[in-house]
Amino acid sequence: MHIFIPGGVGRIGSLLAPALLAAGHKVTVYDLFHKGQGTFDSIKNPRLTQVKGDVNDLELMEEALNGCEIILYLASSQNIESFKAFVSIAKRKVAERFILTSSYEKPITAYEEALIKENGTDLSCTILRPGTILEKSPQSLSQEVTPVIHIDDLTSIYLNMINTSVEITHGEMYNAGYVAHESAPSKKLEAHTGFSPK
């Protein structure tokens, strides 16, 4: 699969893109590269394309999206009108799915509403809402009440999700985070994608 990752040099994308490449996928990372300059310099892989651009530059976004089948949307700085326009572009150009990363158990955002509105036969939309992302074991936080998730588990969720049938994740919204004394981020997420925490 060819996967397009707007906002792909941040904390999630910097680990997710190499994992996708290791799984045999083609990856296009789209970002301004302000903080992530050189993030992928050590990766010499012909299946990795890096595009420097603003998520509000719809013409460049559309050009970078050519040939991509899945969007893993990690960007956080696109204005809502540009986001709606981008979803329309994706609907015309992407064969399979659009996975939006959002915020854990908050009221539905304008971005989620815009994506849900476009969910249909032309574009399968899924929303993933991770808890606070950690790089130490969530199990060590036994008194934690804020949902948390390990970055490796989140990366695994994305990999499982893109390998899960579109019919299963179509139109779904998943919360992904551990709360004290819970063994899995979401029973629905585990049932639908086969995700198993590390």
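Refer to the structure printed above.
Residues numbered from 1 in each chain as written. Predicted model: local features only at pLDDT ≥ 70, side-chain atom pairs only at ≥ 80, totals over all residues. Heavy atoms only, no water.

Undergrad: Break down the pairing of strand β2 (residues 26-31) for me, citing the residues and quoting the values.
TA: The buried fraction of β2 amounts to five of the six residues, a majority that puts the element mostly inside the structure. Pairing analysis gives five bridges linking strand β1 (residues 2-6) to β2, with the strands arranged parallel. For I3, the partnering residue across the bridge sits in β2 and is V27. At this point the chain moves from β1, through helix α1 (residues 13-22), to the parallel β2, and the crossover so formed is right-handed. Here β2 pairs with strand β3 (residues 48-52) via five bridges, running parallel. Its bridge partner being in β3, Y30 is matched across the sheet by V51. (Buried < 20%, exposed > 50% of the residue type's maximum accessible area, 1.4 Å probe, protein only. Helix = DSSP H or I, 4+ residues; strand = E, 2+ residues; numbered from the N terminus. Pairing = 2+ DSSP bridges. Right-handed = clockwise from strand over helix to strand, strands pointing away.)

Undergrad: I'd like a description of the sheet that holds strand β6 (residues 124-130), backed by residues and values.
TA: As summarised here, the arrangement of the seven strands in space is β3-β2-β1-β4-β5-β6-β9, forming an open sheet in which the pairing is parallel. Pairing within the sheet leaves two strands with one partner each, and these edge strands are β3 and β9 (173-176). Each strand of the sheet is rotated relative to its neighbour by a mean of 15°, with strand direction disregarded. With respect to the sheet, helix α3 (residues 80-93) is in contact with β1, β4 (70-73) and β5 (97-101), its orientation differing from that of β5 by roughly 155°. (Axes fitted to C-alpha atoms, helices over the stretch in contact; angles between N-to-C directions. Contact = heavy atoms within 4.5 Å.)

Undergrad: I'd like a rundown of the nonpolar core, residues and numbers included.
TA: One finds L20, L72 and Y158 to be the most contacted residues of the largest nonpolar core, which totals 34 residues. Those elements that provide at least two residues to this core are β1, α1, β2, β4, β7 (132-134), β8 (148-150), α5 (151-162) and β9. The biggest single contributor to this core is α5, with seven residues. Apart from the residues lying within four places of it in its own chain, the contact partners of L72 are I3, F4, I5, P6, L16, L20, I99, Y158 and I162. Of all hydrophobic cores here, the second largest spans 23 residues; its members include V51, Y73, A114 and L115. (Core = buried A, V, L, I, M, F, W, Y, C linked by side-chain atoms within 4.5 Å.)

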